[in-house]
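What the coordinates show
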Amino acid sequence: MQTLILLALAGLGAQLVDGSLGMAHGVISTVLLLGLGASPAAASAVVHFAQIGTGLVSGVSHARFGNVDWKVVARIGVPGAVGAFVGATLLAGMSTAVAEPVMAVILLALGLYVTYHFTVHGVPRGKIGRPLRKRFLVPVGLAAGFLGATGGGGWGLIGTPALLASGRLEPRKVIGSVDASKALVAVAASLGFLLSLGSHGVNWSWVLAFLLGGMVIAPVAAWLARFVAPRILGSAVGGLIVLLNARTLLDAWGAASGAPSVCAYVVLYALWAAALIHSARAHRREKARRSRPADEREPVVA
């Protein structure tokens, strides 16, 4: 029972971050499940089954707040579903000894990418209103769906920064559109896991715990997406993902204790703190700039 309560709270926290930022539900949940002893394939399966329900509730909630561009949902969701099915089938066929470090490397890389992107580049806004083309959305969907299934998370970590970096869609609509398409991707990944693992490979009580926690908070997270500072939260979430998966890799390499691991953690924490400080300062400068009259604004320096 304690484990189920912990998982429900984790699902609540993961959905709060995901619904307000458009990323990190799968990564946060998968890292926790791996820590509880689940195999990589089983952890990813639990997360994706839960995301069918949380994705639907989150998508409906975002739509009610006007945060969804349905053309983007269709153009990124369908290729994302294809990539997720292929990724789930591939992960289910890998041994645990191989899959755990591979998953940790994928998640670590995604965490580094998110931290770097939001800390250094922030959220561009200069092309708001221009259409997002299929030739851009299709490969993004395929890559995000595939890595989301094989890494236990990655749909939002790839899709959200990619759409934000284009500068063509308001941040709240990027978050809402990525979240709304997640249910379709989760269905495809879950089907892949079912065909490969069978229903016996999924802990359904864990799925229910994640599902209930996420569904409770999804409407609140969708509302928060209108006010969240993506730059700061992106740096915070990216750094957390890096730290969690660095520990997994150190364990896999037999270097979880001793001077080398201490040095590695000191460096990572210092870099994370520097990223958060830089993002907070850049956000304040951008906020102050937008509050000035248009003719008095100066170019933003990251």
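This write-up is about the structure you can find in this document. Remember, predicted model here, so these are calculated numbers, not experimental data.

Quick notes on the rules
Starting from 1, residues in each chain are numbered consecutively following that chain's sequence as written. The model is predicted, so local features are restricted to residues of pLDDT at least 70 and side-chain atom pairs to those at 80 or more, both for listing and for counting; the totals for chains, interfaces and linings are taken over all residues. Excluded from the side-chain calculation are hydrogens and water; included are all heavy atoms of the structure. A helix here means a DSSP run of H or I that spans at least four residues, while a strand means a run of E at least two residues long, and both kinds are numbered starting from the N terminus. A 1.4 Å probe rolled over the protein chains alone gives each residue an accessible area, and that area as a share of the maximum for its type sets the label: buried under 20%, exposed over 50%, partly exposed in between. Contacts are residue-level and defined by heavy atoms, with any inter-residue pair within 4.5 Å sufficient. For every accessible area listed, the method is Shrake-Rupley and the probe measures 1.4 Å; residues are considered covered only by the protein chains on display. Side-chain rings of Phe, Tyr and Trp (the six-membered ring for Trp) are treated as a pair once their centres are within 6.5 Å; stacked means planes under 30 degrees apart, edge-to-face means over 60, and tilted covers the remaining angles. Here, the term nonpolar core denotes a set of buried Ala, Val, Leu, Ile, Met, Phe, Trp, Tyr and Cys residues that are joined through side-chain atoms within 4.5 Å. Under the convention used throughout, the expected extent of a helix is 1.5 Å for every residue step, that is, one less than its residue count. Surface patches are drawn from residues lacking salt bridges whose relative accessible area is over 30%; two like charges belong together within 9 Å, two nonpolar side chains (Val, Leu, Ile, Met, Phe, Trp, Tyr) within 5 Å. Here, a salt bridge means any Lys or Arg side-chain nitrogen found within 4 Å of an Asp or Glu carboxyl oxygen. Here the positive residues are Lys and Arg and the negative ones are Asp and Glu; neither His nor the chain ends is included. Positions of charges follow a simple convention, taking NZ of Lys, CZ of Arg, CG of Asp or CD of Glu. Whenever a helix is involved, its axis is fitted only over the stretch in contact; in every case the axis is a line through C-alpha atoms, and angles between N-to-C directions fall within 0 to 180 degrees. Orientation categories follow fixed angle ranges, with anything under 35 degrees roughly parallel, anything over 145 roughly antiparallel, 65 to 115 roughly perpendicular, and all other angles oblique. By convention, the crossing between two helices is left-handed when the near helix turns anticlockwise from the far helix through less than a right angle, and right-handed when the turn is clockwise. Each polar contact in these results corresponds to two N or O atoms within 3.5 Å; when the atoms are within protein, one needs to be able to donate a hydrogen and the other to accept it, and residues that are neighboring in sequence are counted only if both atoms are side-chain atoms.

Okay, the overall build of the chain next. Assigned secondary structure in the chain consists of 11 helices and 0 strands. Ordered by position in the sequence, the α and β elements of the chain form the string α-α-α-α-α-α-α-α-α-α-α. Here the chain holds 302 residues, and 50% of them are scored as buried. Counting only contacts in the chain whose residues sit at least 6 apart along the sequence, the fraction spanning at least 24 positions is 85%. Surface summary for the chain: the accessible area is close to 13,400 Å², and the carbon and sulfur share equals 68%.

Take the packing of aromatic side chains next. Per the stated rule, a full pass over the model turns up 2 aromatic pairs. Ring geometry for Phe 49 and Trp 204: centres 4.9 Å apart, planes at 65 degrees, overall edge-to-face. Taken together, the residues span a long stretch of sequence, with Phe 49 in helix H3 (residues 40–64) and Trp 204 in helix H9 (residues 204–224) at a distance of 155 residues. Residue classification places Phe 49 among the buried residues on the basis of a relative accessible area of 12%.

Here Ala 218 lies in helix H9. Assessed through its relative accessible area of 0%, Ala 218 is described here as buried. Between the C-alpha atom of Ala 218 and that of Gly 55, which follows or precedes it by 163 residues, the distance is 8.6 Å. Those residues in contact with Ala 218 that lie beyond four places of it in its chain are Gln 15, Val 57, Ser 58 and Ser 61.

This part is about the nonpolar core. Grouped together as the largest cluster of nonpolar side chains are 57 residues, with contacts concentrated most on Leu 33, Leu 163 and Phe 193. In contact with Leu 163, not counting residues within four places along its chain, are Val 72, Ile 76, Leu 132, Phe 136, Leu 137, Val 174 and Val 178.

A rise of 1.5 Å per residue sets the reference length of helix H1 (residues 2–21), with its 20 residues, at 28 Å; its end C-alpha atoms lie 28 Å apart and thus fit the reference within 8%. Regarding H1, the residues found buried are Leu 7, Ala 10, Gly 11, Ala 14, Gln 15, Val 17, Asp 18, Gly 19, Ser 20 and Leu 21. Trailing H1 by a residue or two, Gly 22 shows a phi angle of about 85 degrees, which is positive.

On the surface, a cluster of positive charge is made up of Lys 71, Arg 75, Arg 133, Lys 134 and Arg 135. Counting residues per element, the ones that place at least two in the positive patch are helix H4 (70–92) and helix H6 (134–150). Here Arg 133 is to be found in the loop between helix H5 (96–121) and H6.

Next up on the list: the environment of Tyr 269. Note that Tyr 269 resides in helix H11 (residues 259–291). Looking at Tyr 269, the relative accessible area reads 49%, which means it is partly exposed. Residues Tyr 269 and Val 242, spaced 27 residues apart in sequence, show a C-alpha to C-alpha distance of 9.9 Å.

Their axes nearest at 9 Å, the elements helix H2 (residues 25–35) and H3 cross at an angle of 140 degrees. The angle between the axes of H2 and H3 places the two elements in the oblique class. The interaxial crossing formed by H2 with H3 has right-handed handedness. Counted together, His 25, Gly 26, Ser 29, Thr 30, Leu 33 and Leu 34 of H2 and Pro 40, Ala 43, Val 46, Val 47, Gln 51 and Thr 54 of H3 form the full contact between these two elements.

Attention now goes to the side chain of Ser 190. Of note, Ser 190 is situated in helix H8 (residues 171–197). Of note is the side chain of Ser 190, whose polar atom sits 3.4 Å from the backbone oxygen of His 48. Not counting chain neighbours up to four residues away, the residues in contact with Ser 190 comprise His 48, Phe 49 and Ile 52.

Before going further, it helps to examine the side chain of Ser 58. Position of Ser 58 relative to the elements: it lies in helix H3. Under the relative-accessibility criterion, Ser 58 is labelled buried at 1%.

Turning next to the pattern of salt bridges. With the rule as written, the count across this model stands at 1 salt bridge. Residue Asp 179 is joined to Lys 182 by a salt bridge in which the shortest nitrogen-to-oxygen separation is 3.8 Å. Residue Asp 179 and its partner Lys 182 are located together in helix H8, separated by 3 residues, close to a single helical turn. Comparing Asp 179 with Lys 182, the two get one shared label, buried.

Let us look at a nonpolar patch on the surface. On the surface, Val 82, Phe 85, Val 86, Val 138, Leu 142, Leu 191 and Leu 195 cluster together to form a nonpolar patch covering roughly 570 Å² of accessible area. Only H4, H6 and H8 provide two or more residues apiece to the nonpolar patch. With 3 residues, the top contributor of residues to the nonpolar patch is H4. Note on placement: Leu 191 falls in helix H8.

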